[in-house]
Amino acid sequence: MIEQRVSRLLGGDLVSLRRIESRGYGTAFHAIAELDGGQTAFVKAGAEEVTSGFLRDEIAVYRSIRGPFMPDLLGFDEADPPLLLLEDLSAYRWPPPWDGPAIEAVEESLRQVAATPVPDGLGAIEERREWLCGGWAEIERDPSPFLSLEVCSPEWLADSLPALREAAESAPVEGDAVIHLDVRSDNICLTERGAVLVDWNHACRANPRLDLAFWLPSLQDEGGPPPEALLLGGGAFAALLAGFFGSRAGLPAPPTAPAVRAVQLSQLRVALSWAARELGLKGVA
């Protein structure tokens with residue numbers, strides 16, 4: 001029983017375990033636990049093989065990295081299904097809306113993440129280069145899912161794809177800093193100590209500019225500034241992101257994240273326009 005495992009990890013009698021809807025797009029179990037002394041905790045548990053694998057990856061990150069940009073770790077159990085118990089952040093503000101101080105808080109937290117000593121065993125982005133940078137190659141192999149999104153014409157794609165692919169595949173993603181690699185509003189909480197990032201299962205060693213770049217399409221989509229306002233000279237990153245989202249948004253939704261395709265489409269629209277501006281590609285909205 002999850003209740004008994006949570007009680008054991010928190011070291012007290014459990015009063016309630018209230019399931020909550022996640023702000024994210026996965027199907028993992030999420031709940032708020034309350035002990036008889038009033039302590040609360042956020043509880044995350046795997047729901048099936050995919051989410052359990054992600055959660056074990058996240059637990060490994062919490063075991064090796066700590067900082068004010070992460071929730072406090074309260075406990076974990078890697079049995080089946082794995083459990084992760086974290087600081088309850090539900091009383092704080094989760095954007096949007098965005099304003100100047102909120103944007104600056106995220107930028108500062110990303111600087112702190114990048115300055116964190118890299119722990120032994122943290123994977124390098126090179127191990128995921130094809131997954132990250134291969135979107136335009138996949139679209140070139142089969143453009144029909146991408147074109148079904150109607151974000152551009154077939155003629156524009158044919159003319160622009162060589163430049164987009166070259167830019168994306170040459171993006172400077174390698175680096176020696178810790179990065180989160182999934183920065184967007186549903187993974188950001190604004191607290192008294194600054195912006196706290198959640199969902200750390202994709203963390204790796206890479207160029208810290210990649211974290212900033214990944215955040216910017218969703219930031220503009222939610223009423224924030226255009227990407228160029230925060231990241232100058234980001235054309236290669238913009239092309240990478242447009243290919244990353246574009247190669248996925250037109251596919252059937254995975255059962256473990258049924259709402260993710262709509263989110264990818266909204267980020268694609270911003271990233272593709274950003275890439276077109278940076279690379280001088282005319283004719284896309």
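All values derive from a computational prediction rather than experimental measurement.

Cut-offs and rules
- Residues numbered from 1 in each chain as written.
- Predicted model: local features only at pLDDT ≥ 70, side-chain atom pairs only at ≥ 80, totals over all residues.
- Heavy atoms only, no water.
- Core = buried A, V, L, I, M, F, W, Y, C linked by side-chain atoms within 4.5 Å.
- Buried < 20%, exposed > 50% of the residue type's maximum accessible area, 1.4 Å probe, protein only.
- Helix = DSSP H or I, 4+ residues; strand = E, 2+ residues; numbered from the N terminus.
- Contact = heavy atoms within 4.5 Å.
- Expected span 1.5 Å × (residues − 1).
- Bend = angle between axes of the 7 residues up to and from the residue.
- Axes fitted to C-alpha atoms, helices over the stretch in contact; angles between N-to-C directions.
- Left-handed = near helix turned anticlockwise from the far one by under 90°.

Caption draft 1: Here's a closer look at the nonpolar core. With 73 residues, the main nonpolar core has Trp136, Phe146, Trp215 and Leu272 as its most contacted residues. For this core, the leading source of residues is helix 9 (residues 235-249), giving nine residues. Residues in contact with Leu272, not counting those within four places in the same chain, are Trp136, Phe146, Val151, Trp156, Leu164, Ala242 and Val284. Residues Val6, Leu9, Ala41 and Val43 belong to the second largest nonpolar core, which totals 13 residues.

Caption draft 2: Inspection of helix 7 (residues 154-169) at higher detail. In a regular helix each residue adds 1.5 Å, so 16 residues correspond to 22 Å; helix 7 covers 21 Å between its end C-alpha atoms and thus fits that length. At Ser160, helix 7 shows its strongest bend, of approximately 50 degrees, with the proline Pro162 following within four residues. For helix 7, every residue scored as buried is listed here: Trp156, Leu157, Ser160, Leu161, Leu164, Ala167 and Ala168. On its buried face, helix 7 is in contact with helix 4 (129-133), helix 5 (135-141), helix 6 (144-147), helix 9 and helix 10 (260-279).

Caption draft 3: Representation of the packing of helix 9 against helix 10 in the model. Viewed as axis vectors pointing N to C, helix 9 and helix 10 meet at an angle of 145 degrees, and their least axial separation amounts to 7 Å. Crossing of helix 9 over helix 10 shows left-handed handedness. Contacts from Gly235, Ala238, Ala239, Leu241, Ala242, Phe245, Gly246, Arg248 and Ala249 in helix 9 reach Arg261, Gln264, Leu265, Gln267, Leu268, Ala271, Leu272, Trp274, Ala275, Glu278 and Leu279 in helix 10.

Caption draft 4: Structural context of unusual backbone geometry. A cis amide bond links Pro95 to the next residue, Pro96, at an omega of 0 degrees. Following Pro96, the chain continues into Pro97 via a peptide bond in cis, with omega recorded as 5 degrees. Position of Pro97 among the secondary structure elements: in the loop between strand 5 (83-86) and helix 3 (100-115). Positive phi, close to 60 degrees, is recorded for Glu150, a residue that is not glycine. Among the structural elements, Glu150 can be located in the loop between helix 6 and helix 7. You will see that Asp199, though not glycine, has its phi angle at about 60 degrees, which is positive. Tracing the chain through its elements places Asp199 in the loop between strand 8 (194-197) and strand 9 (204-206).

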